Amino acid sequence: MGRNHSGFSEAGLRRMRDVLARHVESGRIPGLVALVGRGDETHVEALGTMRHDGGAPMRRDTIFRMASTSKPVTMAAAMVLLDECRLRLDDLVEPWLPELADRRVLKRIDGPLDDTVPARRPITVRDVLTSTFGLGMDMTVLGTPIMNAVFEQGLTPNLPEPMPEPDEWMRRLSTLPLMHQPGERWQYQISSDLLGVLVARVTGQSFETFLRERVLDPLGMKDTGFHVPVDDIDRLPPLYTPDPRTGEFEVWDEAEGGRHSRPPAFQDGGGGLVSTVDDYHAYFRMLLNQGMHGSERILSRSAVELMTTNRLTPEQNAARTAMARDNVHVSFGQGQHGGWGFGMAVRTYRGDYAPIGQFGWDGGSGTSTYADPDNRLTGILLTQVGMSTPDSARLIHDFWTTLYQAID
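On a predicted model such as this, the values are computed, not experimentally measured, just so you know. (Residues numbered from 1 in each chain as written. Predicted model: local features only at pLDDT ≥ 70, side-chain atom pairs only at ≥ 80, totals over all residues. Heavy atoms only, no water.)

**Q** Is there a simple way to think about the overall build of the protein in this case?
**A** A count of helical and extended segments in the protein gives 12 helices and 16 strands. Radius of gyration (C-alpha) of the protein: 20 Å, near the 22 Å computed for a compact globule of 408 residues. Seen through its C-alpha atoms, the protein measures out along the principal axes to roughly 65 × 50 × 40 Å. Here the protein holds 408 residues, and the buried ones make up 57% of them. For the protein, restricting intrachain contacts to residue pairs at least 6 apart in sequence, the fraction spanning at least 24 positions comes to 68%. Here the protein contributes 42 positive and 54 negative side-chain charges, whose respective centroids are spaced 4 Å apart. (Helix = DSSP H or I, 4+ residues; strand = E, 2+ residues; numbered from the N terminus. Rg over C-alpha atoms; globule rule 2.2 N^0.38 Å. Buried < 20%, exposed > 50% of the residue type's maximum accessible area, 1.4 Å probe, protein only. Contact = heavy atoms within 4.5 Å. Lys, Arg positive; Asp, Glu negative; His and termini not counted. Charge placed at Lys NZ, Arg CZ, Asp CG, Glu CD.)

Shown next as structure tokens:
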């Protein structure tokens, strides 16, 4: 087998490229950009085109909607505040988020919104950072009054109407009871959106400004933000959500004039970032280097360890397990990792080719970003095909399967 000095085998990288190319040639993935990094070596593949009907090719500097892969990056803003003792894990959030004082909690998850008991205790910073504050996107209880209310209030991204500005978003959030007692169980998404509001109120800056000054700029992540400047909009492909029945490509978000063509009212930590493979590589390599970027410290070693190791008790984790095991037909297998740290999944058992300790997350726009401390490995795969069909999820699985075989 041919070797190179990067810690990947030449044959393994060729095989990975062939598998990625097969997905593009199938006609189901217009284009992709993949980056694999190990130690100081980086290998990038840019395949296919920006649009499903052809046109400009995908390039290494193509900008993608990161969707839920925003979560691991936006969490770093909160970690800076923990490092500086401007937030403490067990502080109450009420001084910053008074809308969340005096919460009521549903007696049953599928019950009417007024059938509640008082929260046993106030919500803490830890509850927000671990996604256990009591509200979330629970795909196992769609159609219940509480989930209907979350959608009706416009509290989550990806609805026809964008989320309102943060104070109005908080006001709407405060009208709902919690689904579970604070700290009781892990729930998806809403806590990541809430994180940005918390950071903004603690710092007196917009969430994006603080994230940029303390994380993005020091890491050189110049193409990462909550919208794409007009001069760069030609680097953003449309986002497609194929029709689940016919597979026909439907544009969910166009580049020019679309959601990311101007600054949003709500800077959404759960899913609002746009970025590139190289920007994300810089971020995950910083995590693998225990918070260092070159000679500059971005986060403390302890903060990185907190983020990238499992934070959940078995009780809190029951919902994570259910999402992976019982919703496999909805998530196409996304989420078979075990645990959750801060803003990202952490593998606590061997569910596929990746080892225990790997951390990162996937995004509904067809994105996947993970790092693996054991192998000093980063993998980033970005597409513009939403998870309305299994196509991008299958591509992501095949990327990781071939990437792990390519390690020398």
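**Q** So what exactly am I meant to see when it comes to the pattern of salt bridges here?
**A** Where charged atoms from two side chains of opposite charge come close, those side chains can pair. This structure, assessed with the given rule, holds 25 salt bridges. With a shortest N-O distance of 2.7 Å, Asp61 and Arg59 are connected by a salt bridge. Between Asp243 and Arg245 there is a salt bridge, with its nearest N and O atoms 3.3 Å apart. On the accessibility criterion, Asp243 (10% relative accessible area) is buried. Linked by salt bridges that have partners in common, Arg59, Asp61, Asp223, Asp232 and Arg235 make up one network. (Salt bridge = Lys/Arg side-chain N within 4 Å of Asp/Glu carboxyl O.)

**Q** What is the right way to read the sheet that holds strand 13 (residues 345-347) from this model?
**A** Two orientations exist for strands paired in a sheet by backbone hydrogen bonds: parallel and antiparallel. Strand order in this open sheet of 8 strands is 3-2-1-16-15-14-13-12, and the pairing throughout is antiparallel. Single-partner strands in this sheet number two, and they are strand 3 (54-57) and strand 12 (338-340). Sheet twist, expressed as the average angle between the axes of neighbouring strands with direction ignored, equals 20 degrees. By the bridge criterion, 3 bridges tie strand 12 to strand 13 in an arrangement that is antiparallel. Bridging across to strand 13, Gly338 finds its partner in Arg347. (Pairing = 2+ DSSP bridges. Axes fitted to C-alpha atoms, helices over the stretch in contact; angles between N-to-C directions.)

**Q** Would you take a moment to explain the nonpolar core for this structure?
**A** For soluble globular proteins, the rule of thumb is that nonpolar side chains tend to be buried together. Core analysis: the biggest nonpolar cluster contains 78 residues, and Trp169, Tyr283, Leu287 and Leu299 have the highest contact counts within it. Excluding its chain neighbours within four sequence positions, the residues that come into contact with Tyr283 are Pro72, Val73, Ala76, Val215, Leu219, Met221 and Met307. Core analysis: the second largest hydrophobic core is formed by 36 residues, Leu13, Ala21, Trp340 and Ala393 among them. (Core = buried A, V, L, I, M, F, W, Y, C linked by side-chain atoms within 4.5 Å.)

**Q** Just checking my understanding: could you explain a nonpolar patch on the surface for this structure?
**A** Together, Met139, Leu142 and Phe151 make up a nonpolar patch on the protein surface, roughly 260 Å² of accessible area in all. Here Leu142 lies in the loop between helix 3 (125-129) and helix 4 (145-152). (Patch = residues over 30% accessible without salt bridge, like charges linked within 9 Å, V, L, I, M, F, W, Y side chains within 5 Å. Areas by Shrake-Rupley, 256 points an atom, 1.4 Å probe, with all protein chains shown as cover.)

**Q** Just to check I follow, could you spell out the layout of surface pockets for this structure?
**A** Taking a probe equal in size to a water molecule and rolling it over the atoms shows the remaining empty space. Estimates place the volume of the largest pocket at around 1400 Å³. Lining the largest pocket are 42 residues, with Ala67, Ser68, Pro157, Asn158 and Gly364 positioned closest to its centre. For the lining of the largest pocket, a count of residues per class yields 19 nonpolar, 17 polar and 6 charged. (1 Å grid on protein atoms, 1.4 Å probe; cavity = no way out; pocket = protein on both sides within 12 Å on 5 of 7 lines; lining within 4 Å. Points joined across faces, edges and corners; volume = space filled by probe spheres on them. Nonpolar A, V, L, I, M, F, W, Y, C, P; charged D, E, K, R; others polar.)

**Q** Explain the packing of aromatic side chains here, please?
**A** Ring pairs (aromatic) are described by centroid distance and by the angle formed between their planes. Within this structure, the stated rule accounts for 13 aromatic pairs. Both rings, one in Trp169 and one in Phe266, keep their centres 4.9 Å apart while their planes meet at 50 degrees; by these two values the pair is tilted. Separated by 97 residues along the polypeptide, Trp169 in helix 5 (residues 166-174) and Phe266 in the loop between strand 8 (251-253) and strand 9 (274-275) bring together distant segments of the chain. What makes Phe266 buried here is its relative accessible area of 5%. Judged by centre distance (5.7 Å) and plane angle (90 degrees), the ring pair of Tyr283 and Phe284 falls under edge-to-face. In this structure, Tyr283 and Phe284 share a single accessibility class: buried. (Phe/Tyr/Trp six-rings, centres within 6.5 Å; stacked < 30°, edge-to-face > 60°.)

**Q** Even after reading the chapter, I still don't get the environment of Leu155, so can you show me in this structure?
**A** Of note, Leu155 is situated in the loop between helix 4 and helix 5. A C-alpha to C-alpha distance of 19 Å links Leu155 and Met66, two positions 89 residues apart in sequence. Setting aside anything within four residues of it in sequence, one finds Leu155 in contact with Val150, Met163, Trp169, Arg172, Leu173, Leu176 and Asp193.

**Q** I tried to follow unusual backbone geometry on my own but got confused; where do I start?
**A** Note: most peptide bonds trans; most residues except glycine with negative phi. Although it is not a glycine, Cys85 adopts a positive phi angle of roughly 60 degrees. As for its placement among the helices and strands, Cys85 is situated in the loop between helix 2 (70-83) and strand 5 (104-106). Although it is not a glycine, Gln189 adopts a positive phi angle of roughly 85 degrees. Assignment of secondary structure puts Gln189 in the loop between helix 5 and helix 6 (190-203).

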